[in-house]
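Below, each chain spelled out in residue letters.
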Amino acid sequence: MQPIQHTPDLSAYLAADEAVDHHHPVVRETAARLAEDVPDSYAYARAAFEFVRDTIPHSADSGDLRVTWRASDVLTRRTGICYAKAHALAALLRAEDIPTALCYQRLAHDDGAGHAVHGLVAVRFNGAWHRQDPRGNKPGVDAHFSLDGERLAWVPDPKSGEVDYPVLYPAPHPAVLAALKAAPDRPHLWKTLPTAL
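What you see is a predicted model; the values in this text were computed from it and never measured.

A. Examining unusual backbone geometry more closely. Its identity as a non-glycine residue notwithstanding, Arg78 has a phi of 60°, on the positive side. In this fold, Arg78 is placed in the loop between α4 (71-77) and α5 (82-95). One non-glycine residue with positive phi stands out, namely Asp97, at about 60°. Mapped onto the fold, Asp97 is located in the loop between α5 and β2 (100-108).

B. Fine view of the nonpolar core. Counting residues in hydrophobic clusters, the biggest one holds 47 residues, and the most contacted among them are Tyr44, Tyr83, Leu92, Leu93, Tyr104, Leu180 and Leu189. Examining the composition of this core, we find that 11 residues originate from one element, α5, more than from any other. Setting aside chain neighbours within four positions, we find Leu93 in contact with Tyr44, Ala45, Ala48, Ile98, Thr100 and Val123. By size, the runner-up hydrophobic cluster in this structure holds nine residues, among which are Ala12, Tyr13, Ala101 and Ala122.

C. How the structure looks around the environment of Asp164. On the secondary structure map, Asp164 appears in strand β5 (residues 163-164). On the accessibility criterion, Asp164 (24% relative accessible area) is partly exposed. Taking the C-alpha atoms as reference points, Asp164 and Cys103, 61 residues apart in sequence, are found 8.9 Å from one another. For Asp164, the contacting residues outside a window of four places in its chain are Met1, Tyr104, Gln105, Arg131 and Pro156. Only 2.9 Å separates the side chain of Asp164 from the side chain of Gln105, close enough to count as a polar contact. Among the polar contacts listed, one links the side chain of Asp164 to the side chain of Arg131, at a separation of 2.8 Å.

D. Representation of the layout of surface pockets. Its boundaries defined by the atoms lining it, the largest pocket holds a volume of some 480 Å³. In terms of lining residues, the largest pocket is bounded by 19 residues, among which Ala108, His109, Asp110, Trp154 and Trp190 are the most central. Among the secondary structure elements, those contributing two or more residues to the lining of the largest pocket are α5, β2 and β3 (115-125). The biggest single contributor to the lining of the largest pocket is β3, with three residues.

E. Representation of the side chain of His118 within the structure. With respect to the helices, strands and loops of the structure, His118 is situated in strand β3. Side-chain polar atoms of His118 contact the side chain of Asp133, separated by 2.7 Å. Excluding its chain neighbours within four sequence positions, the residues that come into contact with His118 are Cys82, Tyr83, Cys103, Tyr104, Gln105, Leu107, Asp133, Arg135 and Trp154.

F. Spatial organisation of the pattern of salt bridges. Evaluation of the coordinates by the stated rule reveals nine salt bridges. Close ionic contact of Asp61 with Lys138 constitutes a salt bridge, the shortest N to O distance being 3.9 Å. On the criterion of sequence distance, the pair formed by Asp61 in helix α3 (residues 59-62) and Lys138 in the loop between β4 (128-132) and β5 is long-range, its members being 77 residues apart. Owing to a relative accessible area of 38%, Asp61 belongs among the partly exposed residues under this scheme. Between Arg70 and Asp73 there is a salt bridge whose closest N-O contact spans 3.7 Å. Exposure remark for Arg70: the relative accessible area of 27% places this residue in the partly exposed category. One continuous salt-bridge network, built from bridges that share partners, spans Asp61, Arg135 and Lys138.

Rules behind the numbers
- Residues numbered from 1 in each chain as written.
- Predicted model: local features only at pLDDT ≥ 70, side-chain atom pairs only at ≥ 80, totals over all residues.
- Heavy atoms only, no water.
- Helix = DSSP H or I, 4+ residues; strand = E, 2+ residues; numbered from the N terminus.
- Core = buried A, V, L, I, M, F, W, Y, C linked by side-chain atoms within 4.5 Å.
- Buried < 20%, exposed > 50% of the residue type's maximum accessible area, 1.4 Å probe, protein only.
- Contact = heavy atoms within 4.5 Å.
- Polar contact = N/O pair within 3.5 Å; in protein donor to acceptor, adjacent residues only side chain to side chain.
- 1 Å grid on protein atoms, 1.4 Å probe; cavity = no way out; pocket = protein on both sides within 12 Å on 5 of 7 lines; lining within 4 Å.
- Points joined across faces, edges and corners; volume = space filled by probe spheres on them.
- Salt bridge = Lys/Arg side-chain N within 4 Å of Asp/Glu carboxyl O.

Read these as spatial facts, not as claims about activity.
Put into structure tokens, the structure is as follows:
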């Protein structure tokens, strides 16, 4: 799959918005702490990825009913689904001037009953985009930071109607953000997740 920038201007992938609020003090403090122990931007990107993947539980895995969507809230409350965790990682990376896009997959539900859109990020290094999935590992999911071949949580199966969407967005897709903002809790969100983009 060839990624396609939604916006040609690379600076859009460094911008702050209401979800990727990388100017927030919590984001800045977290980024500064992660940057203290790394020698370069590659190592920082890996550290930020592992921090979000490993220290912020995916709310479906942990049973947390709260819905977060703003990066600073994800970092403060330490919970979120894939989209929220992607917003948090994008904010941490952009806080250190690493261009980061939000991107999506369409995946089948575990029980085979329909599809849902899954959120991840892409980072730009060496003139190319590299997708990363900070969703969080669990049995059957083993995602890792990689600039040398993708190590994502899932590889879509076209025979099951699954899709890798090629578009790289500078801000959350409006359908994703609307579902997150409207959900009073995760059970409600599960019923209103976008099924396609």
